Amino acid sequence: MKFIAVLPLSELPPGSHRTVKAGRGSVALFNYNGTITALEHACLHKGGDLGEGFIQRLDRGALYVACPWHGWQYNIADGRAPEGYLDRQAVFEVRVEDGMILVSEKPVVSTFRAVHEDERLADLRNLDYHTTPDSLHVLGISATNMNRSLPRPSTSETALQAALDFAASEYGAETRMIRLRDLEFRHCEGYYSRHEEACTWPCSITSMNPDDGMSELYRALVLWADVVLLATPIRWGNASSLYYKMAERLNTVQNQITLHDRVLIRNKVVSFIITGGQDNVQGVAGQLNAFFSDLGFVFPPFNYLGWSRGWIAEDMQHNVSRFMKSRYVKRSVKELVTNAVQLLRQVKRIDSSRMQTPKPKISEAGGLTEQDADLI
Ligand code: FES
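We now turn to the structure provided with this report. Predicted model only: the values in this text are computed from it and were never measured.

Reading the values: the criteria
- Residues numbered from 1 in each chain as written.
- Predicted model: local features only at pLDDT ≥ 70, side-chain atom pairs only at ≥ 80, totals over all residues.
- Heavy atoms only, no water.
- Salt bridge = Lys/Arg side-chain N within 4 Å of Asp/Glu carboxyl O.
- Helix = DSSP H or I, 4+ residues; strand = E, 2+ residues; numbered from the N terminus.
- Buried < 20%, exposed > 50% of the residue type's maximum accessible area, 1.4 Å probe, protein only.
- Pairing = 2+ DSSP bridges.
- Axes fitted to C-alpha atoms, helices over the stretch in contact; angles between N-to-C directions.
- Parallel < 35°, antiparallel > 145°, perpendicular 65-115°, else oblique.
- Left-handed = near helix turned anticlockwise from the far one by under 90°.
- Contact = heavy atoms within 4.5 Å.
- Nonpolar A, V, L, I, M, F, W, Y, C, P; charged D, E, K, R; others polar.

Let's shift gears to the pattern of salt bridges. Pairing of side chains with opposite charge becomes possible as their charged atoms draw close. Under the criterion given, the structure shown has 18 salt bridges. Note that R179 and E157 form a salt bridge whose closest N and O atoms lie 3.0 Å from each other. Here R179, found in strand β12 (residues 174-179), pairs with E157, found in helix α2 (residues 155-171); they are 22 residues apart in sequence, far enough to count as distant. With a relative accessible area of 11%, E157 lands in the buried category. Here E335 and R331 are joined by a salt bridge, their closest N and O atoms 2.8 Å apart. In this pair, E335 and R331 both sit in helix α9 (residues 327-347), four residues apart, roughly one turn of the helix. Residue classification places E335 among the partly exposed positions, given a relative accessible area of 38%.

In structure tokens form, the structure reads like this:
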């Protein structure tokens, strides 16, 4: 077996690990417990660099490296995944000669990748759309938060329910309401920030935990809805924190355009209900429009209903009753729905396969490549 010199021993002190070039590929070297070991550096999941991983002690004290992207673990001596998993990372033989670390040109233990695709996510993975040329599915998303055991009247959610009821009674729509506060879901954990390929569809968090509450929202928003009506209160001049928590988890939808020029949202319409005791309706609408446009939604004319009573309207005890009595709200809820349904009928006729995405793509990113960086 041919061996390749990859690194002076002095550059891999005890208790350290790193990835180095080895011929045409790269290996992750580990110097722990007085032994140097080498694994294929690219994680079997999505290719995270194990040389940047975290050393953990599992299985009665054995040392494992946890991938820095999503945490898959491999024994640093034999490449095996922890008990209960069949995966095995490729292992290279290591020699130390004249102060140099050498690794075998070929692995002495080959890679095995078990099947991990969770059947519960098959519909998301395969994009099994429930929309048809004739469907009229109206999804309401309520972004207001409240104490479940002490519920209070919500202006945004009341208007949203009225809009869904009107869509059903006037247009025969199938309707559904998702209250974000009822979904137990994790914050976006920023995998994209480490490497663009670490942000996946289905979402990395959903793949790790199919029971995460966003799975329900992904299904409803991406696969089921024709029209989305999103209702949010105004909090400190912005949409609610729950809205932003959801929006961050929708990176996975937008990133498919950036990474793979793949548009998941096709022929869907969105409108908004934005209510607050104080103002900034237009500012919130601008934020929502910009975000949903980036996902691929289209907007009817006049696509938001706003309610606020102004800067000095601190008498919140009067806000709900005035809202409930407002002729403007009653009328504009219906008009919001009508505009959305009318636009949807047009949008359904568009050949979405010809849709263009004039957005930044990773293939056009202007930064340094890793090879460029190595040359500097
Ligand atoms: S766990 Fe390694 S790339 Fe996902």
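The structure having been displayed, the exposition proceeds.
We now examine the sheet that holds strand β1 (residues 3-8). Strand order in the open sheet made by the three strands is β1-β10-β9, with antiparallel pairing throughout. A strand with exactly one partner marks an edge of an open sheet, and here the two such strands are β1 and β9 (94-97). Each neighbouring strand pair of the sheet contributes to a mean axis angle of 35°, computed without reference to strand direction.

On to unusual backbone geometry. W201 connects to P202 through a cis peptide bond whose omega is -10°. Tracing the backbone through its elements, the reader meets P202 in the loop between β12 and α3 (204-208). The residue W236 is not glycine, and still its phi comes out positive at about 50°. Looking at where W236 falls in the secondary structure, it is placed in the loop between β13 (227-233) and α5 (241-249). Using a relative accessible area of 87% as the deciding quantity, one classes W236 as exposed. Even without being glycine, N280 reaches a positive phi, approximately 120°. By the secondary structure assignment, N280 is in the loop between β14 (269-275) and α7 (281-295). N280 sits in the partly exposed class, given a relative accessible area of 33%.

Two elements in contact, α2 and α9, have axes separated by 9 Å at closest approach and are oriented at 55°. Judged by the inter-axis angle, α2 sits oblique to α9. The two elements α2 and α9 cross, and the hand of that crossing is right-handed. Counted together, A159, A162, A163, F166, A167 and Y171 of α2 and V333, K334, V337, T338, V341 and R345 of α9 form the full contact between these two elements. Of the residues belonging to the contact of α2 with α9, the class tally is nine nonpolar, one polar and two charged.

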